[in-house]
Amino acid sequence: MNGPATDRAIVFPTMKKSVILRLSEVNKRFPASTTLAVDNISFSLTEGEILGLLGPSGCGKTTLLRMIAGFEKPSQGVIELGGRIVADEKTFIPPEKRNTGMVFQDYALFPHLTIADNIAFGLKNSGEKLSSRAINARVAETLDLVGLQGLEKRYPHQLSGGQQQRVALARALAPKPSLILLDEPLSNLDVQVRQRLRHEIRHILKATGISAIFVTHDREEAMVISDTIAVICQGKLEQINNPEAIYSHPASRFVAEFVTQANFLPARREGEQWQTEIGLWTIPDGQDLDKGELMLREEDVKIKPDETGELVICDRQFLGREYRYCLLTATGSQIHARTTINTQLDIGTKVKLSIIPDSVRVFADC
């Protein structure tokens, strides 16, 4: 399988970037529904930025993407593209006039058209008037960008799933839109292809400099592809920040649970410390709470064999580069810990537990 072109320089401008997209207090309520599918969401997207919309199925992320694309009208709020209002109480610009490209989960390629004709279709139907020669040149340029040069005369059924998805991306990129919208484009692919393509998609988008919004329910996929992640739960924007901040400093228990692989222990404050069933812990940011839940990420839980330990290993999973241990507490609760493959402990081993101090967070009870 051909790969994307790798000799293109990726330039990250140092100058102040302009805002490509701005959402202001956008809501969406579907008829006969008592709840908002999208609830008062505001954010902005800058030139060349890749934003990942991350959340579980049914949380509203695809509805939000469809409103940006123009396939759905917001019930309230303002959507601006390139400084132009495309949706508010009085205005609604249709999808074909928004200068956006869309990549769907199911590729949506025309089976009776060749790869070149699939890509050219969007060019022929765009507002930009191009000659046949210019269209052919743009098709060749885009095929080269996505690593499919030489396959222009094939039909979609003659390509693998990964190649078809690259054709779908090429078709969206060819008209040179100001914004690319991708709705879970990798979910229909097998694991190995998906892992490779997520790196390729980021490389391709960065090579073009086009801003993008990428919808996914896969936290690792969001962190690999995105510059910024917006975590959504039940239509609400829980947190928006770079992947490192989202992972290291989750703003809510939902973000902590969905994005990180964490344990949660009931805890009660005792002075400057927090009492749990496995001991007392000092929390750098304990908030103004008397009780709550402590978040312990699995990789921050350190275990050591000790016959006096109160925790017992009840299960061990080999994950390739590490082991995942399930630890049973005296009350029957379970705590999970991840260690390197150099640390192999048997099921039934008693252990003592320690935590990297600055990694612990406390959240209010749900």
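So, here's what we can say about the structure. (Residues numbered from 1 in each chain as written. Predicted model: local features only at pLDDT ≥ 70, side-chain atom pairs only at ≥ 80, totals over all residues. Heavy atoms only, no water.)

So, the overall build of the protein
Move 1: Counting its regular elements, the protein contains eight helices and 20 strands.
Move 2: With the C-alpha coordinates of the protein rotated into their principal frame, the extents come out at 80 × 50 × 45 Å.
Move 3: Sequence separation of 24 or more characterises 66% of the internal contacts of the protein that already satisfy a separation of 6 or more.
Move 4: Total accessible area on the protein stands at roughly 18,300 Å², and carbon and sulfur atoms take up 48% of it. (Helix = DSSP H or I, 4+ residues; strand = E, 2+ residues; numbered from the N terminus. Contact = heavy atoms within 4.5 Å. Areas by Shrake-Rupley, 256 points an atom, 1.4 Å probe, with all protein chains shown as cover.)

Quick notes on the packing of aromatic side chains
Move 1: Scanning all chains against the criterion turns up five aromatic pairs.
Move 2: Ring geometry for tyrosine 323 versus tyrosine 325: centroids 6.0 Å apart, planes at 40 degrees, classification tilted.
Move 3: For tyrosine 323, a relative accessible area of 9% translates into the label buried.
Move 4: Three or more aromatic residues joined by ring pairs form one cluster here, namely Phe318, Tyr323 and Tyr325.
Move 5: The ring centre of phenylalanine 92 lies 5.0 Å from the NZ or CZ of lysine 73, which sits over that ring.
Move 6: If you follow arginine 253 out to its NZ or CZ, it ends over the ring of phenylalanine 264, 3.9 Å from the centre. (Phe/Tyr/Trp six-rings, centres within 6.5 Å; stacked < 30°, edge-to-face > 60°. Buried < 20%, exposed > 50% of the residue type's maximum accessible area, 1.4 Å probe, protein only. Lys NZ or Arg CZ within 6 Å of the ring centre and 35° of its normal.)

Concerning the sheet that holds strand 12 (residues 273–276)
Move 1: One open sheet holds the five strands; their spatial order is 13-12-11-14-20, and the pairing between them is antiparallel. On the outer flanks of this sheet lie strand 13 (279–282) and strand 20 (361–363), each paired with one strand and no other. Within the sheet, the average angular offset between the axes of one strand and its neighbour, ignoring direction, is 40 degrees.
Move 2: Note that strand 11 (residues 262–270) and strand 12 share three bridges and pair antiparallel. Bridging across to strand 12, arginine 269 finds its partner in tryptophan 274. (Pairing = 2+ DSSP bridges. Axes fitted to C-alpha atoms, helices over the stretch in contact; angles between N-to-C directions.)

Points about unusual backbone geometry
Move 1: Look at lysine 176: it is not a glycine, yet its phi comes out positive at around 55 degrees.
Move 2: Within the element layout of this structure, lysine 176 appears in the loop between helix 4 (161–173) and strand 7 (179–183).
Move 3: Lysine 176 gets classed as partly exposed once you look at its relative accessible area, which sits at 49%.
Move 4: Positive phi is not limited to glycine here, since glutamate 184 has a value of about 45 degrees.
Move 5: The topology assignment puts glutamate 184 in the loop between strand 7 and helix 5 (191–208).

Digging into the pattern of salt bridges
Move 1: Per the counting criterion, the structure on display carries 17 salt bridges.
Move 2: Between aspartate 227 and arginine 202 there is a salt bridge; the shortest N-O distance is 3.0 Å. With aspartate 227 in the loop between helix 6 (219–225) and strand 9 (228–233) and arginine 202 in helix 5, this pair connects stretches of sequence that are 25 residues apart.
Move 3: As a salt-bridge pair, lysine 352 and aspartate 306 come within 3.9 Å of each other at their nearest N and O atoms. Of this pair, lysine 352 sits in strand 19 (residues 350–355) while aspartate 306 sits in the loop between strand 15 (301–305) and strand 16 (311–318), placing them 46 residues apart in sequence.
Move 4: Of the residues examined, aspartate 306 reaches a relative accessible area of 26% and is grouped as partly exposed. (Salt bridge = Lys/Arg side-chain N within 4 Å of Asp/Glu carboxyl O.)

What to know about helix 1 (residues 61–69)
Move 1: The buried fraction of helix 1 is high, at seven of nine residues.
Move 2: Of all the residues in helix 1, the buried ones are Lys61, Thr63, Leu64, Leu65, Met67, Ile68 and Ala69.

Points about helix 2 (residues 115–124)
What sets the pattern is the α-helix's 3.6 residues per turn: residues three or four places apart point alike.
Move 1: With seven of ten residues buried, helix 2 is to be regarded as a mostly interior element.
Move 2: Ile115, Ala116, Asn118, Ile119, Ala120, Gly122 and Leu123 are the residues of helix 2 that are buried.
Move 3: As for helix 2, its buried residues are in contact with helix 3 (132–145) and helix 4.

Remarks on the pairing of strand 9
Move 1: Counting buried positions along strand 9 yields six of six residues, so the element is predominantly enclosed.
Move 2: Burial of strand 9 is two-sided: the residues Thr228, Ala230 and Ile232 facing one way and the residues Ile229, Val231 and Cys233 facing the other way are all buried.
Move 3: Direction of pairing for strand 3 (residues 50–54) relative to strand 9: parallel, over a ladder of four bridges. Each residue of the ladder has a partner; that of glycine 52, found in strand 9, is isoleucine 229.
Move 4: Strand direction decides the pairing type here: strand 9 and strand 10 (residues 236–241), joined by five bridges, are antiparallel. Opposite cysteine 233, over in strand 10, you have lysine 236 as the bridge partner.
Move 5: Hairpin connection between strand 9 and strand 10: a loop of two residues separates the two successive antiparallel strands, and glutamine 234 in this loop has a positive phi of roughly 50 degrees.

Regarding the side chain of threonine 216
Move 1: Mapped onto the secondary structure, threonine 216 falls in strand 8 (residues 211–216).
Move 2: At a separation of 2.8 Å, a polar atom in the side chain of threonine 216 contacts the side chain of glutamate 221.
Move 3: Those residues within four positions of threonine 216 in sequence are excluded, and the remaining contacts are Leu53, Leu54, Gly55, Lys61, Glu184, Glu221 and Ala222. (Polar contact = N/O pair within 3.5 Å; in protein donor to acceptor, adjacent residues only side chain to side chain.)

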